[in-house]
Amino acid sequence: MTDIRKELEELREQICYHDERYYILSAPEISDYDYDQLMARLLRLEAEHPDLVTPDSPTQRVGGRPIEGFKPYNHRRPMLSLDNTYSESELRDWDERCRKMAAGRNYSFVAELKIDGLSISAIYEETYLKYGVTRGDGVVGDLVTENVKTIRTIPLKLRTVWPREVNEIEVRGEVFMANSVFEKLNEEQQEQGLQTFANPRNTTSGTMKLLDSRVVASRRLDCFVYDLLFDATKPFDTHWESIEWLRQSGLKVNEHSRRCADIEEVLKFCNEWAVRRSELDYEIDGVVLKIDQTSLQEEFGATSKAPRWAVAFKFPPMQAATRLRSVVVQVGRTGALTPVAQLDPVLLAGTTVSRASLHNEDEIGRLGLKIGDWVVVEKCGEIIPKVVKVLFDRRQEIEGELEEFQMPRTCPVCSAIVVRNDGEVVWRCSSSSCPAKLKNSLLLFASRRAMKIEGLGKELVEQLVEKGLVKDLADLYYLKFDDIIGLERMAKKSATNLLEQLQQSKTRELEKFVYGLGIPHVGARNAKILVNHFGSIDKLAEASE
Ligand code: IVH
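Only a predicted model underlies this, so the values are computations on that prediction, with no experimental measurement involved. (Residues numbered from 1 in each chain as written. Predicted model: local features only at pLDDT ≥ 70, side-chain atom pairs only at ≥ 80, totals over all residues. Heavy atoms only, no water.)

A word on the side chain of Glu-112. Relative to the helices and strands, Glu-112 resides in strand β3 (residues 109-115). Note on Glu-112: relative accessible area 5%, which makes it buried. Within the structure, Glu-112 has its side chain in polar contact with the side chain of His-239 (distance 2.6 Å). At a separation of 2.7 Å, a polar atom in the side chain of Glu-112 contacts the side chain of Lys-290. Those residues within four positions of Glu-112 in sequence are excluded, and the remaining contacts are Tyr-226, His-239, Ile-243, Ser-257, Phe-269, Val-287, Val-288 and Lys-290. (Helix = DSSP H or I, 4+ residues; strand = E, 2+ residues; numbered from the N terminus. Buried < 20%, exposed > 50% of the residue type's maximum accessible area, 1.4 Å probe, protein only. Polar contact = N/O pair within 3.5 Å; in protein donor to acceptor, adjacent residues only side chain to side chain. Contact = heavy atoms within 4.5 Å.)

For the rest of this paragraph, the subject is the site of the ligand. Around the ligand, the neighbouring residues are Leu-80, Leu-82, Glu-112, Leu-113, Lys-114, Ile-115, Ser-119, Glu-174, Tyr-226, Val-288, Lys-290 and Pro-307. Side-chain polar atom of Lys-114 to an oxygen atom of the ligand: 3.1 Å apart, as the coordinates give it. One of the side-chain nitrogen or oxygen atoms of Glu-174 is found 2.6 Å away from an oxygen atom of the ligand. Its free accessible area being 520 Å², the ligand has 88% of it covered by the protein chains. For the shell around the ligand, the secondary structure elements donating two or more residues are β3 and β10 (284-291). Broken down by element, the shell around the ligand gets its largest block of residues, four residues, from β3. In the shell around the ligand, the residues fall into seven nonpolar, one polar and four charged. (Near = heavy atom within 4 Å. Areas by Shrake-Rupley, 256 points an atom, 1.4 Å probe, with all protein chains shown as cover. Nonpolar A, V, L, I, M, F, W, Y, C, P; charged D, E, K, R; others polar.)

To continue, consider a nonpolar patch on the surface. On the surface, Leu-517, Ile-519 and Ile-537 cluster together into a nonpolar patch covering about 200 Å² of accessible area. Residue position: Ile-519 is located in the loop between α16 (510-516) and α17 (524-534). (Patch = residues over 30% accessible without salt bridge, like charges linked within 9 Å, V, L, I, M, F, W, Y side chains within 5 Å. Salt bridge = Lys/Arg side-chain N within 4 Å of Asp/Glu carboxyl O.)

Here we come to helix α8 (residues 239-248). Here α8 has its buried residues at His-239, Ser-242, Ile-243, Trp-245 and Leu-246. Taken around the axis of α8, the buried residues stretch over an arc of 160 degrees, which confines them to a single face. Phi turns positive, to about 100 degrees, at Gly-250, one or two residues after α8. (Arc of directions from axis to C-beta.)

Within the open sheet, the five strands sit side by side as β2-β11-β10-β3-β9. Their pairing is mixed. On the outer flanks of this sheet lie β2 (84-85) and β9 (258-260), each paired with one strand and no other. Across the face of the sheet, helix α3 (residues 88-102) comes into contact with β2, β3, β10 and β11 (310-314) while running at roughly 175 degrees to β11. (Pairing = 2+ DSSP bridges. Axes fitted to C-alpha atoms, helices over the stretch in contact; angles between N-to-C directions.)

Below, the structure written as structure tokens:
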């Protein structure tokens, strides 16, 4: 083997190893910087030797050119749905039915978390990932291979030895977006003045349908797998062994799955996770119970919709009823007006909720909401609660007139006219000197992803703008000790620190600065692309459309 080939192979092996440490085991061994160095070296060598790029190279995950559309794919075995149960007695009924079908033979269960995402099938040939397919209608799905390849927890090559005489291995699981990733994504959307996403689940399915896999790669989706087929048949005596094989092959299986000897243990698992679900960084909407023995699974079979050997136990959504007291309209960095519901405090999944997002004017119209209404708020995982519906029936018990909410026609902060552009759902303040815009621009500029000016938080920005000390981003760098020492909670030490932080921020990379300017549609990623291309702020400023 030539030296280059050898080095490429070693680099790939190292990166795969560290991918697993990082993405699957959550126990990285090297710094992000060192990892990036390995990746950069691999990318460079592959660019120099395009003929040596292999399909399982980690570089193949970053996404490629957009495609025209997805091709259909016939599932070799239909991807079924599950029957739902909502109570202990319904679960016991299911166990009874299984007992009858088993006719005296013993069986046990596997209890798994029901991940609230999008089901997916990954097909391997000779250990290499060949296809990625959505469920579709269960019979025919969409070929979304390029998108599936961007998911770091789905190996491009299986680590296990390929079983003799098997042509194809199919792995099924649930693609999802972690709550923490979802929150970051929405922060980024907001910073760029773009519409935020409603919840991780819809974002996941929307993302998997994107034709541009580079965007998919940036969304950092994840996947838990829970099913295994060798040439369309179950390879092991038990489901548990399949899960173990998947784990050993380098796929991510959920660590909370449990083998249960009887229905009592199953119920215990269900009740435990109904409470513990809020501990997780991903959303679950219930528990899936499966008969462990594959011979019985095959014998019990399925209806046209769902297997008889498995069932979902669905959790009630985390909802609570409360009253809407008022709607406060906030103004963001781009001038976007966001209505926020002010609620009577109510306990929801362990935390007191008194505010909820109402997204925009259209959403309020859809809900039919009036001030004073009884409303239902819902919370999923760590996500900001939202108003999901109005309890119209309870209007009769409310005394006095309910007031219709009107989106203000002037900015609640600076009184300038607000405008709504064609095709947009948001109203925006039209003033270029709106203090709310300035304050939020300063916060973005100072944020960790931008100039990282520690100590320049909400309260300080508030005072700097109100006192007229800062009228644009550049003014930050004209601040003097005497200007800030008199401000609230600003002692000598913190004033010196702030000035030092401001000085230090001048050494940030150019891309951080460009990102911090908050140019519409220029997030962290586009800022990097622009800087790589233009090289200097002057060149960028001179660029033509
Ligand atoms: S088993 C034939 N296991 O729930 C068995 N499904 O409502 C079918 N899901 O379409 C699936 N977590 O997308 C199974 N641990 C899990 C699951 C799971 C989430 C999804 C899956 C399925 C849907 C049915």
